[in-house]
There are 2 protein chains.
Amino acid sequence: MIQKNSADCAEKCVIREILDVIGGKWSIPIIHTLFDGTKRFMELERSIPGINTRMLVKELKNMEANGIVERTVYPTVPPTVEYTLTEKGKQLEPVIHELHNWGSKFVSKEKKPSLK
Amino acid sequence: MIQKNSADCAEKCVIREILDVIGGKWSIPIIHTLFDGTKRFMELERSIPGINTRMLVKELKNMEANGIVERTVYPTVPPTVEYTLTEKGKQLEPVIHELHNWGSKFVSKEKKPSLK
DNA sequence: CGGAATCCCTCAAGATACTG
DNA sequence: CAGTATCTTGAGGGATTCCG
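Calculation criteria
- Each chain carries its own residue numbering, running from 1 in the direction its sequence is written.
- Throughout, the order in which chains and ligands are written sets their labels, letters from A for the former and numbers from 1 for the latter.
- Totals for whole chains, interfaces and linings use every residue, but because this is a predicted model, local features are given only for residues with pLDDT of at least 70 and side-chain atom pairs only at 80 or more, for both listing and counting.
- By convention in this description, side-chain values take in all heavy atoms of the structure and omit both hydrogens and water.
- In predicted models, pLDDT denotes the confidence assigned by the predictor to each residue on a 0 to 100 scale.
- Only heavy atoms matter for contacts: two residues are in contact if any of them lie within 4.5 Å across the pair.
- Here a residue counts as near a molecule or strand whenever at least one of its heavy atoms sits within 4 Å of it.
- As used in this structure description, the phrase polar contact means that two N or O atoms lie within 3.5 Å; if the pair is within protein, one of them must be able to donate a hydrogen and the other to accept it, and residues adjacent in sequence are counted only when both atoms belong to side chains.
- Where helices and strands are cited, they refer to DSSP runs of H or I of at least four residues and of E of at least two residues respectively, numbered from the N terminus.
- Least-squares superposition aligns the copies on the C-alpha atoms of those residues with pLDDT at or above 70 in both.
- In this description, strands pair whenever DSSP reports at least two bridges between them.
- What counts as an axis is a line fitted to C-alpha atoms, over the stretch in contact for a helix, and the angles between N-to-C directions run from 0 to 180 degrees.
- Criterion for a salt bridge: a side-chain nitrogen of Lys or Arg within 4 Å of a carboxyl oxygen of Asp or Glu.
- In summary, the pairing rule links any two rings of Phe, Tyr or Trp, Trp by its six-membered ring, whose centres are within 6.5 Å, and it sorts them by plane angle into stacked for under 30 degrees, edge-to-face for over 60 and tilted for everything else.
- Buried means the residue's accessible area, taken with a 1.4 Å probe over protein chains only, is under 20% of the maximum for its type, while exposed means over 50%, and partly exposed covers the values in between.
- Put simply, angles under 35 degrees are roughly parallel, angles over 145 are roughly antiparallel, angles from 65 to 115 are roughly perpendicular, and the rest are oblique.
- Gly is put with the polar residues, along with every residue not named as nonpolar or charged; the nonpolar set is Ala, Val, Leu, Ile, Met, Phe, Trp, Tyr, Cys and Pro, and the charged set is Asp, Glu, Lys and Arg.
- Put simply, buried area is how much 1.4 Å-probe accessible surface two parts lose in total, over both of them, once they are put together.

Chemist: Pulling in residues and values, what's your account of the confidence of the model for chain A?
Modeler: For chain A, the average pLDDT comes to 87, and 84% of its residues sit at 70 or higher. A low-confidence stretch, residues 111-116 of chain A stays under pLDDT 50, and its non-local contacts, those more than four residues away or across chains, total 7 contacts.

The structure is reproduced here in structure tokens:
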């Protein structure tokens, strides 16, 4: 039996932190795109339909701050910036896989009312 | 065309749907509490420090609409309402486990700047 | 090209008070 | 007890313009 108080809260807090990283609207699409390998800023922008500049910048900064992606700047003119998944970021694969696995079993087979 | 393939977009959409279910601030704590078994409304409220009535109701309704929990009403006075994880809800365990597993490897060891 | 700065809007989330 | 009903705040997200 799991301990029900302090350790319990800690576990929830950890998951909260994770969701702060991958819970954003564009986090998964970005990570998913970067699974293919290093991408430039504009490549990401083009690879992810619907995202806008500000959101991409914001998410990338958040991910960088959380050690998910690495940002590399090449001093060219015009500037070249590349984004790569870190080891920490790459290890999100089983998480996303499990998410997708659960989803393929249940979600989108039914209709969700989306009550407001 | 623009996308690599259509299954790619579908996959992302599915994960989006999942995060709509478990991405809420209180979703995981509630699910986690319900892993212990059926709980009454007030038991949930007491088991989850910091949550307020409105949020608990809202999350539970959302989860019920998504087939994660089942709501059972007993016609007593005062009313008795019980919440139980459905099979679909129970199968979130590997997902949460994988989330936690990733988190315990990386999160909370470093410090997150939480830049704005 | 890769952002930063601004403005704007919607909605998640919180605090309380009330009710069948 | 198990919720509604309101009001309020703030964060997340979007569109656009500007800059080195």
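Chemist: Outline the protein's contact with DNA strand D, listing residues and values.
Modeler: Near DNA strand D lie 21 residues; those nearest to it are K25(A), W26(A), R54(A), R71(B) and Y83(B). Of all DNA strand D atoms lying within 4 Å of any protein atom, the proportion belonging to sugar or phosphate reaches 62%. In this structure, K25(A) approaches DNA strand D through a side-chain N or O atom, which is 2.5 Å from a phosphate oxygen. Measuring from a phosphate oxygen of DNA strand D, one finds a backbone N or O atom of V81(B) at 3.2 Å. Of all the secondary structure elements, the ones that give two or more residues to the surface near DNA strand D are helix 4 (53-65) of chain A together with helix 3 (41-47), helix 4 (53-65) and strand 3 (80-85) of chain B.

Chemist: Can you explain the relation of the copies chain B and chain A? Please cite residues and give values.
Modeler: In this arrangement, two copies of a chain are superimposed by a rotation about an axis accompanied by a shift along the axis. Each copy of the sequence occupies a distinct position, and chain B is placed on chain A by a rotation of 180° and an axial shift of 0.0 Å, giving an RMSD of 0.1 Å. Here the transformation between the copies is reduced to the relation of a two-fold axis. Distance from the rotation axis, computed per C-alpha, reaches its smallest value in chain B at G23(B): 3.0 Å.

Chemist: Before we move on, could you go through the sheet that holds strand 1 (residues 39-40) of chain B and cite the residues and values that matter?
Modeler: All names here are of chain B. With antiparallel pairing, 3 strands are arranged side by side in an open sheet as 1-3-2. What marks the edges here is a single partner per strand, and that holds for strand 1 and strand 2 (69-74). Direction of pairing for strand 2 relative to strand 3: antiparallel, over a ladder of 6 bridges. Looking across to strand 3, one finds that V73 is bridged to V81. Across the sheet, helix 2 (residues 27-34) lies against strand 1, strand 2 and strand 3, angled at about 95° from strand 3, the strand it touches most.

Chemist: Pulling in residues and values, what's your account of the pattern of salt bridges?
Modeler: Residue and element names in this part refer to chain A. Summed over the entire model, instances satisfying the criterion amount to 2 salt bridges over all chains. With its nearest N and O atoms 3.2 Å apart, the salt bridge here joins R16 to D20. Placement of the pair is R16 and D20 together in helix 1 (residues 6-22), with a separation of 4 residues, close to one helical turn.

Chemist: Tell me about the protein's contact with DNA strand C, and please be specific about residues and values.
Modeler: Inspection of the region around DNA strand C gives 19 residues, with R71(A), Y83(A), K25(B), W26(B) and R54(B) positioned closest. Backbone sugar and phosphate groups make up 61% of those atoms of DNA strand C lying within 4 Å of the protein. Y83(A) is positioned with one of its side-chain polar atoms (N or O) 2.6 Å from a phosphate oxygen of DNA strand C. Going through the elements one at a time, helix 3 (41-47), helix 4 and strand 3 (80-85) of chain A together with helix 4 of chain B are the ones with two or more residues in the surface near DNA strand C.

Chemist: I'd like a description of the packing of aromatic side chains, backed by residues and values.
Modeler: Residue and element names in this part refer to chain A. Within the structure shown, the criterion is met by 2 aromatic pairs over all chains. Consider the rings of W102 and F106, whose centres lie 5.6 Å apart with planes at 45°: the pair is tilted. Linking W102 with F106, this pair stays in helix 6 (residues 93-106), spanning 4 residues, or about one helical turn. Each of the two residues, W102 as well as F106, counts as buried.

Chemist: Could you give me a rundown of the environment of V81(B), with the residues and numbers involved?
Modeler: Residues and elements named next belong to chain B. Position of V81 among the secondary structure elements: in strand 3. Residue classification places V81 among the buried positions, given a relative accessible area of 14%. Remark: the alpha-carbon pair of V81 and R71, spanning 10 residues in sequence, is separated by 6.9 Å. When near neighbours in sequence (up to four residues on either side) are disregarded, V81 contacts K39, R40, F41, R71, T72 and V73.

Chemist: Residue-level account of the packing of helix 6 of chain A against helix 6 (residues 93-106) of chain B, with values.
Modeler: Direction vectors running N to C along helix 6 of chain A and helix 6 of chain B enclose 170°, while the axes themselves pass 9 Å from each other. When the interaxial angle is binned, helix 6 of chain A and helix 6 of chain B end up roughly antiparallel. For the pair helix 6 of chain A and helix 6 of chain B, contact is made by P94(A), V95(A), E98(A), L99(A) and W102(A) and by P94(B), V95(B), E98(B), L99(B) and W102(B), respectively. Partitioned by chemical class, the residues of the contact of helix 6 of chain A with helix 6 of chain B number 8 nonpolar, no polar and 2 charged.

Chemist: Can you lay out the interface of chain B and chain A for me, pointing to particular residues and giving the numbers?
Modeler: One frequent convention defines the size of an interface as the accessible area lost when the parts assemble. Each partner contributes residues to the interface: chain B has 48 residues there, and chain A has 48 residues. Counting each side, the surface lost to burial between chain B and chain A is near 4500 Å², with a carbon and sulfur contribution of 66%. Scanning the region where chain B abuts chain A turns up 0 salt bridges. No other element matches the 12 residues that helix 1 (residues 6-22) of chain B contributes to the side of chain B that touches chain A. In the side of chain B that touches chain A, the residues fall into 21 nonpolar, 12 polar and 15 charged.

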